[in-house]
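Coordinate analysis (summary)
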Amino acid sequence: MKHTLSVAAVAAVAVAGAQPAAAQARDQIQIVGSSTVFPFASAVVEKFGRTTEFNTPVIESTGSGGGLQLFCKGVGAQHPDITNASRRIKPSEVKKCMDNGVKKITEVKIGSDGIVFANHVDAPQADLTTKQIWLALAKKVPNGEGELVENPNETWSDIDSDLPDQKIEVMGPPPTSGTRDAWNELAMLDGCKHFDMIKSMSESKRHEVCFSYRADGAWIEAGENDNLIVQKLVSNKNRFGIFGFSFYDTNRNKIQAASINGAMPTVDNISEEKYPVSRSLWFYVKNAHVGVIPGIEEYVNLFMQDSSIGPNGFLIEKGLIPLPESKREKWAEKATSFEPLNPEDWLG
C-alpha cells in the first residue's frame, strides 16, 4: 500500500527538444521509495514545507525497488527527483539509470536501522538464531541426506525442541521492499550458510535456495504497510512480523522484538553492528534535476544538517540511528556538493 504525504498534483510537461536532459515546469520536488525511510523523509518534507519558501514536496512510499525503478526511468518532469532506499543501489539499477540517461546520481547515507523479528508484547519473547529463522521460512531445506526437500517444519519445536510447540506464521515484506533485500542478505543468507551442502553451491544457486520462501501459509507477504503487520500481531499472539527498527520503536506498547544470535535490536547494538540484522539507510538524487526543480539543494541541506540526523536531531526522536560524527560529516559533504557516484564502482 502506498502512503502519500501530499496530494498536490505534479505537472509533467514535455521537455524542450533542445534540452532533452532537463526537467522543466514542475515547482514541487517529487520523492518516491522505501517505506522504512518514508517516516524520516516525511518529517523532513513537513519541516521543509513549514520553514522554507518552497512548495511542500510530494512523497510516496513505493518500496526501495519500486522507487529505484521509477527513478531510473529517465530525466524530466515526469520522473522523480529523489528516491529513498533501505539498501544500497544495485549494479543492475545503476545500469538501468545509465541506459535511460540518468547519468549523474548523488548517493546519500543518512543513518542506520535494524530489522526486527517481533511478536505481540504479551506473548513469550523469542530468542532465535538466523539458522532457526531460515529453517522456519525457507521453501526447501536439507533433509540430512544431502538433499533439499520441501520444508517439513510446521511448528517452531519441529526446528528445535527447545522452541515453542507453536505454528510457524511470519508476516514479512514483499520482493520490491528494501527491507526484504536486507533481510535476505543479513538473516536468510547467514542462516542457510550453516549447511555445508549450501555453502558449496555456486553463488547464484545459493541465493536461489537461501532466498526462496515457502508458500504453504507459514510465510505471508504483507505488502509495504507495516501498520497492517502490527495489527495482525496484535490480533494473533502466535504470529511474528518483520519490519524496521524505527517502526518497532514507535509501537513498543504493542509488540516486542526477538533477540537474534543472542543480540537485541538496541540503538547501541545496531550502531555498533553487534545486532546481526543491521543496515544503512539512503536516498538518491537525480543531479540533472538540481537547479531546475526548485528547492532540491535546500531540501538536501536540511536533511543532512546535524539538527536533523545528528545525535540530537529531530529524526533521532523518530527512530533513526545516527552515523558516527566523522561518517556523518563525510556524507553531508558528498550530499550538499552533489558529488556523483562513480558507475565504475558498480559496473566494473
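The structure reproduced in this document is the subject of the present report. The structure displayed is predicted, hence computed values, not measured ones.

How each quantity is defined
- Residues numbered from 1 in each chain as written.
- Predicted model: local features only at pLDDT ≥ 70, side-chain atom pairs only at ≥ 80, totals over all residues.
- Heavy atoms only, no water.
- Disulfide = S-S within 2.5 Å.
- Helix = DSSP H or I, 4+ residues; strand = E, 2+ residues; numbered from the N terminus.
- Buried < 20%, exposed > 50% of the residue type's maximum accessible area, 1.4 Å probe, protein only.
- Phe/Tyr/Trp six-rings, centres within 6.5 Å; stacked < 30°, edge-to-face > 60°.
- Lys NZ or Arg CZ within 6 Å of the ring centre and 35° of its normal.
- Pairing = 2+ DSSP bridges.
- Salt bridge = Lys/Arg side-chain N within 4 Å of Asp/Glu carboxyl O.

What follows deals with the state of the cysteines. Applying the stated criterion across every chain, the model contains 2 disulfides. Through a disulfide, Cys72 is tied to Cys97; the S-S separation comes to 2.0 Å. Measuring handedness by torsion sign, the sulfur bridge of Cys72 and Cys97 sits at about -70° and is left-handed. Of this pair, Cys72 sits in the loop between helix 2 (64–71) and strand 3 (82–85) while Cys97 sits in helix 3 (residues 91–99), and the two are 25 residues apart along the sequence. The burial state of Cys72 is the same as that of Cys97; both residues are buried. Disulfide pairing places Cys192 opposite Cys210 at an S-S distance of 1.7 Å. Measuring the twist about the S-S bond at about 75°, one finds the Cys192-Cys210 disulfide to be right-handed. Remark: Cys210 occurs in helix 8 (residues 203–210) and Cys192 occurs in helix 6 (residues 178–192); sequence separation between them is 18 residues. Among the residues examined, Cys210 registers a relative accessible area of 0% and is labelled buried. The cystine pairing of the protein, numbering bonded cysteines in sequence order, is 1-2, 3-4.

Another point: the packing of aromatic side chains. Counted according to the given criterion, the structure contains 13 aromatic pairs. Ring centres of Phe283 and Phe303 lie 5.0 Å apart, and the angle between their planes is 40°; on these two criteria the pair is classed as tilted. Of the two residues, Phe283 is situated in strand 13 (residues 278–286) and Phe303 in helix 12 (residues 296–304); the sequence distance between them amounts to 20 residues. Across the pair, exposure class does not vary: Phe283 and Phe303 are buried alike. Among the aromatic side chains, those forming a connected cluster through ring pairs are Phe48, Phe54, Phe283, Tyr299 and Phe303. The residue whose ring lies beneath Arg180 is Tyr213, and the NZ or CZ to ring-centre distance is 4.4 Å.

With that settled, the discussion passes to the pairing of strand 4 (residues 105–120). With 16 of its 16 residues buried, strand 4 lies for the most part within the structure. Pairing between strand 4 and strand 13: 9 bridges, direction antiparallel. Looking across to strand 13, one finds that Thr106 is bridged to Val285. Two strands pair when backbone bridges link them, and strand 4 and strand 10 (residues 240–244) are joined in this way by 4 bridges, in the antiparallel orientation. Among the inter-strand pairings, Ile115 is bridged to a residue of strand 10, identified as Gly244. Strand direction decides the pairing type here: strand 4 and strand 11 (residues 255–257), joined by 3 bridges, are antiparallel. Counted as the bridge partner of His120 is Ile255 from strand 11.

Here the focus is the pattern of salt bridges. Tallied over the full model, the rule gives 15 salt bridges. Arg279 is paired through a salt bridge with Asp113; the nearest N and O atoms lie 2.9 Å apart. Here Asp113 lies in strand 4 and Arg279 lies in strand 13, a separation of 166 residues in the sequence. You can call Arg279 buried: its relative accessible area is 7%. A relative accessible area of 0% means that Asp113 is categorised as buried. Linking Arg214 and Asp216 is a salt bridge whose minimum nitrogen-to-oxygen distance equals 2.9 Å. Arg214 sits in the buried class, given a relative accessible area of 5%.

Remember that the coordinates give geometry; whether it matters functionally is a separate question.
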